[in-house]
Amino acid sequence: MHIPVLQKEVIEYLDPKPNENFIDCTIGEGGHSAAILERIAPRGKVLGIDRQLRLKQKERLILAEDNFANLKNIIEQYKFHPVNGILFDLGMSSWHLEESGRGFSFKKKEPLDMRYDPKEGLTAQKIINYWSKAEIERILREYGEERRASQIAERIIETRKVRSIENTPQLRAIIEGARGNLAQTFQALRVAVNDELNNLDKALPQAVEILEPGGRLAVISFHSLEDRMVKNFFKNPSFEILTKKPVTPSRAEIEINPRSRSAKLRVIRK
Ligand SMILES: C[S@@+](CC[C@H](N)C(=O)[O-])C[C@H]1O[C@@H](n2cnc3c(N)ncnc32)[C@H](O)[C@@H]1O
């Protein structure tokens, strides 16, 4: 089951009030949105976006299967306004790790896919088997901050000369052989496959443009590249920063939900 990260804190900072409208840009299993919907009753609505929807439509919840990089188009299409609050809870869900069968977890034996949206063309398998050594090394270094990026890329190239690399155990063996970090390398591939940093970069300015004055924007990120992007974007005199330091989960939350370990929440008011 997906446990919403920093649920209490997200609600405290977004501060949803009766009849306000919210956009959940990464609705996933809908945990955060369920709490928002309760607060914005009786007439407030949530527009929930995800690259692949796993939820059913319900009262006051409108769903859009799309990329949040298209935020402005989406709200025009659904004529969804005014907007009082926007949430991004970035990255993957427990569903991706545990149930999708798409190779997000190095603990499973699955094909190397890693797409959030199965309609997209680029998979982890394509990156690993067809991209150049320099490109693979770059994404491992940039998106995974992997110190053994060059050694891992080298081994990928050597291995694929003999046979194609198709599943998670094959990749795991290569990373371990190069004494690399499994989590960091898997993260780097996931970020590249889903173009995660570019999507966030495109979405943040659209989000603030859409918000009503006084509207709140909350972003939960899970690695330093994303957090840096959010932090820099929030440094703008027209925003009031509501979280001087990023809000992180309590020890109790981390114990119940280890996935929350690296979460950082930042919130502004327009
Ligand atoms: C951490 S989960 C969100 C969990 C959700 N807050 C909940 O309580 O269930 C992140 C979700 O964002 C989706 N996602 C990632 N990148 C996206 C993008 N560019 N556009 C839309 N959805 C995206 C993923 O498919 C995933 O379901």
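Report on the accompanying structure. For every chain, the first residue of the written sequence is number 1, and numbering continues from 1 onward in sequence order. Where local features are concerned, this predicted model is filtered to residues with pLDDT of at least 70; where side-chain atom pairs are given and counted, the filter is 80 or more; whole-chain, interface and lining totals use all residues.

## A word on the environment of glycine 48
Locating glycine 48 in the fold gives a position in strand 2 (residues 46–50). C-alpha separation for the pair glycine 48 and leucine 97, spaced 49 residues apart in sequence, amounts to 21 Å. Setting aside its immediate chain neighbours within four residues, glycine 48 contacts Asp24, Ile27, Gly30, Ser33, Leu55, Leu61, Ile62 and Leu63. A helix here means a DSSP run of H or I that spans at least four residues, while a strand means a run of E at least two residues long, and both kinds are numbered starting from the N terminus. Placing a C-beta atom from the backbone of each residue, one calls two residues in contact when those atoms lie within 7 Å.

## A look at helix 6 (residues 133–144)
A helix is expected to span 1.5 Å multiplied by its residue count minus one. Between its first and last C-alpha, helix 6 extends 16 Å over 12 residues, near the 16 Å set by a 1.5 Å rise per residue. Residues with at least 20 neighbouring C-beta atoms inside 10 Å of their own are called buried, those with 12 or fewer are called exposed, and the rest are partly exposed, where every C-beta is derived from the backbone. Those residues of helix 6 that sit buried are Ile136, Glu137, Ile139, Leu140, Tyr143 and Gly144. In an axial view of helix 6, the angular spread of the buried residues amounts to 165 degrees, which keeps them on one side of the axis. Looking at the buried positions of helix 6, the neighbouring elements they touch are helix 5 (124–130), helix 7 (149–162), helix 9 (182–193) and helix 11 (224–234). Looking one or two residues beyond helix 6, the residue adopting positive phi is glutamate 145, at roughly 45 degrees. Regarding the arc, it is the one traced by the directions from the helix axis to the C-beta atoms.

## Digging into the sheet that holds strand 3 (residues 61–65)
Ordered by their spatial adjacency, 7 strands build an open sheet running 3-2-1-4-5-7-6, and the pairing between neighbours is mixed. Because the sheet does not close on itself, it has two edges, and the strands there are strand 3 and strand 6 (240–241). In this structure, strand 1 (residues 22–24) lies alongside strand 4 (residues 83–89), joined through 3 bridges in parallel fashion. The residue of strand 4 that forms the bridge with aspartate 24 is leucine 87. Here, axes are lines fitted to C-alpha atoms. For helices the fit covers the stretch in contact, and angles between N-to-C directions go from 0 to 180 degrees. Along the sheet, helix 10 (residues 196–210) makes contact with strand 4 and strand 5 (211–221), crossing strand 5 at roughly 150 degrees. Strand pairing requires that DSSP identify at least two bridges connecting the strands.

## Topic: the packing of helix 7 against helix 8 (residues 168–177)
What describes two packed helices is the angle between their axes and the distance between those same axes. Close contact between helix 7 and helix 8 brings their axes to 9 Å; oriented N to C, the two are set at 130 degrees. Considering their axes alone, helix 7 and helix 8 lie oblique with respect to each other. Like other packed secondary-structure pairs, helix 7 and helix 8 cross with a definite hand, here right-handed. Side by side, helix 7 and helix 8 meet where Ile152, Arg155, Ile156 and Thr159 of the first sit next to Ile174, Ile175 and Gly177 of the second. Of the residues assigned to the contact of helix 7 with helix 8, the class counts are 4 nonpolar, 2 polar and 1 charged. To sort the angles, those under 35 degrees are grouped as roughly parallel, those over 145 as roughly antiparallel, those from 65 to 115 as roughly perpendicular, and the leftovers as oblique. Throughout, a crossing is termed right-handed when the near helix is turned clockwise from the far one, and left-handed when it is turned anticlockwise from it by less than a right angle. Throughout, the ten residues Ala, Val, Leu, Ile, Met, Phe, Trp, Tyr, Cys and Pro are labelled nonpolar, Asp, Glu, Lys and Arg are labelled charged, and all others, Gly among them, are labelled polar.

Remember, this is a structural readout, not a statement about activity or role.
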